[in-house]
Amino acid sequence: MPPDGPVMAAPEKQLRKRKVADAGQGPGSPPAPGFDPAGFPACLRAGTFWLTRIVLLRALAFIYFVAFLVAFHQNKQLIGDRGLLPCKAYLQSVQQHFQGRVGWDAVSYAPTVLWLLDWSHMDSNLDALALLGLGISSFILVTSCANMVLMAVLWVLYMSLVNVGQIWMGIPASGNRVPGDFPVPSLDSVSTAQEDPHVPDCSVGLSMADFQNHAWSMQPAGGSRVVCAVWSAVPTRGLIKIRGDQCWRDLTCMDFHYETQPVPNPVAYFLHQSPWWVHRFETLSNHFLELVVPFFIFLGRRMCLLHGALQILFQVVLIVSGNLSFLNWLTIVPSIACFDDAAVGFLFSSGPGSLKDQVLKLQKEEAQEAWPTLTHGPGRVVRQAVNLALGILVAWLSIPVVLNLLSPKQLMNSSFNPLRIVNTYGAFGSITRERTEIILQGTASPNASAPDAVWEDYEFKCKPGDLRRRPCLVSPYHYRLDWLMWFAAFQTYEQHEWVIHLAGKLLANDAEALSLLDLNPFADRDPPRWVRGEHYRYKFSRPGGLHAAEGKWWIRKRLGPYFPPLSLRDLRGYFRSRKWPHPGPTQRGPAPVH
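Quick notes on the rules
- Residues numbered from 1 in each chain as written.
- Predicted model: local features only at pLDDT ≥ 70, side-chain atom pairs only at ≥ 80, totals over all residues.
- Heavy atoms only, no water.
- Axes fitted to C-alpha atoms, helices over the stretch in contact; angles between N-to-C directions.
- Helix = DSSP H or I, 4+ residues; strand = E, 2+ residues; numbered from the N terminus.
- Parallel < 35°, antiparallel > 145°, perpendicular 65-115°, else oblique.
- Left-handed = near helix turned anticlockwise from the far one by under 90°.
- Contact = heavy atoms within 4.5 Å.
- Buried < 20%, exposed > 50% of the residue type's maximum accessible area, 1.4 Å probe, protein only.
- Disulfide = S-S within 2.5 Å.
- Salt bridge = Lys/Arg side-chain N within 4 Å of Asp/Glu carboxyl O.
- Nonpolar A, V, L, I, M, F, W, Y, C, P; charged D, E, K, R; others polar.

1. Side note on the packing of helix α18 (residues 498-507) against helix α21 (residues 568-577)
In the contact formed by α18 and α21, the axes pass within 10 Å of each other and the chain directions differ by 135°. With respect to α21, the element α18 is oriented oblique. Considering how the two elements wind past one another, α18 and α21 form a crossing that is left-handed. For the pair α18 and α21, contact is made by Ile-500, His-501, Gly-504 and Leu-507 and by Leu-568, Leu-571, Tyr-574 and Phe-575, respectively.

2. Some thoughts on the environment of Arg-237
If you trace the backbone, Arg-237 turns up in helix α7 (residues 223-242). For Arg-237, a relative accessible area of 3% corresponds to the buried category. Separated by 54 residues in sequence, Arg-237 and Leu-291 place their C-alpha atoms 8.4 Å apart.

3. Focus: the state of the cysteines
Tallied over the full model, the rule gives 2 disulfides. Here Cys-247 pairs with Cys-253 through a disulfide, and the sulfurs are 1.7 Å apart. With the S-S dihedral at roughly 75°, the linkage between Cys-247 and Cys-253 falls on the right-handed side. Of the residues examined, Cys-253 reaches a relative accessible area of 0% and is grouped as buried. One disulfide in the model links Cys-462 with Cys-472; its S-S distance is 1.4 Å. Handedness here is read from the sign of the S-S torsion; for Cys-462 and Cys-472, about 60°, the answer is right-handed. In this pair, Cys-462 is assigned in the loop between β5 (459-460) and α17 (480-488) and Cys-472 in the loop between β5 and α17, connecting sequence segments 10 residues apart. As far as the burial class goes, Cys-462 and Cys-472 line up, both buried. For the protein chain, the bonded cysteines connect in the pattern 1-2, 3-4 when numbered consecutively along the sequence.

4. Focus: the pattern of salt bridges
All told, the structure shown has 17 salt bridges when counted by the stated rule. A salt bridge links Arg-280 to Asp-255; the nearest nitrogen and oxygen atoms lie 2.9 Å apart. In this pair, Arg-280 sits in helix α11 (residues 276-291) while Asp-255 sits in helix α9 (residues 254-260), placing the two residues 25 residues apart along the sequence. Note that Arg-469 is salt-bridged to Glu-459, the shortest N-O span being 3.9 Å. With Arg-469 in the loop between β5 and α17 and Glu-459 in strand β5, this pair connects stretches of sequence that are 10 residues apart. Note on Glu-459: relative accessible area 8%, which makes it buried. Three or more residues are tied together by salt bridges with common partners; here these are Arg-435, Glu-437 and Lys-463.

5. Structural notes on the packing of helix α1 (residues 50-79) against helix α4 (residues 122-143)
It is at 8 Å that the axes of α1 and α4 come closest, and there the two elements cross at 165°. With respect to α4, the axis of α1 lies roughly antiparallel. In the crossing of α1 with α4, the sense of the turn from one axis to the other is left-handed. Of the residues that constitute the contact of α1 with α4, the class distribution is 18 nonpolar, 4 polar and 4 charged.

Structure below.
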């Protein structure tokens, strides 16, 4: 093992090698380690993955860090003791469905370490899980050191949050489809607990848990699983599109996507104005990158490198053109495995004693067959046994995923086992043609129906509201409430009861709920007497047009009420029936925390 190196980032004295036809001493091969006929520093040889593993670990640790940061900042307001959908109530409903016992059935339905903790202070439990995840991911990010135990702990911690996060951790599963966009599968194939109306819907879809197999793939001797993850994720996205909305086959989807995606950014505003032929090229390029390029992996080293470069470039374009959380950042991670040490060596310094220098020495020792015999150590045997067992498990769990991939009725963003080790993935199988928004408003008027009642808008952190506010740019960070408001606008408040819970908290100037917003019009004032939801259609303004000249990024048209004016008195029975604590009014409203 190289001295002073990241000891846990690689297996004992064993190079990760890819079988490459031209990796030997052919005319196109790089010089062997230490061979320096012109006096220049030696080049790394292709086929080893010591430095690649370090890049992989740091990339995955960065994604985990962001995910746990989002959880730490928002979990208490969303699923805490007084959250919009308290996870304590969710776990209690699961427990009651299984005859009040915390047995295997309950735990397998919602696998989380919270079953083992005291529920009297759920906010503290949620903070503890998030902080522990932040600490471990920070350690890996800074040191590049990790082993199977640390990666497994990160996986367990985040899965524990996802499995009680309900709709906040993914796409809301209300029936089998959210009108206008993502086809969402039923969870009946996962658990029978969904038959109980008192058990809230779980979430499936765009969440980090749906990629947890990547965390296992980063372990030493797991390179083949990373390549499988790279190949399986991308064609799944392409197939779900080509089998989905007609606009993907007509090459017209990009005419709408930039404007109607969940949370547009400023670049999306300008990309939306592109000529029609640019949008056709974008859609056609999407099909090429998702349906053709993945097969490059099997065509040798150079084509594999090309695949990795194209996929990363594709994800960077998506990152630049929209706020899709850390989804695209996470999709980049397995593509890094396409690059060996010779390809990523430029990322590391070449000084004496550096990591790059140590890998050069290791490659030289291997070329000279100077490796010590260390084939039957107990640690190596245990590692190989664990990797073999994990490989068999993943292969077994992948059977329904592969069958789904081949099915003409392919499900999108679905899990086939409670641990979500292997899943189906696909985004934007269908595209909305117009954008609708819910605008929450409050008034201090004693009569909500009075013509002179002044209604003031609440502003969210990122979702469109104020017509003159520039679209935000926050990726890879994620505002979960803003994301779910986009879905709620497709349906009614009866299908998204948490919207009414949020309205009740605004009526009380609840500090926790207001921390999720950007503007509270009743800051440092008495709370509103009434809160209502208005339904609007939003469109980008045209650059150079009348609205853009007035500084407006958006134009909007009122469609009607989303929910009628509500007061705290109106909501008393509603809250009681759902066992939500009734918010008591405060005298002065806090300003949102930025």
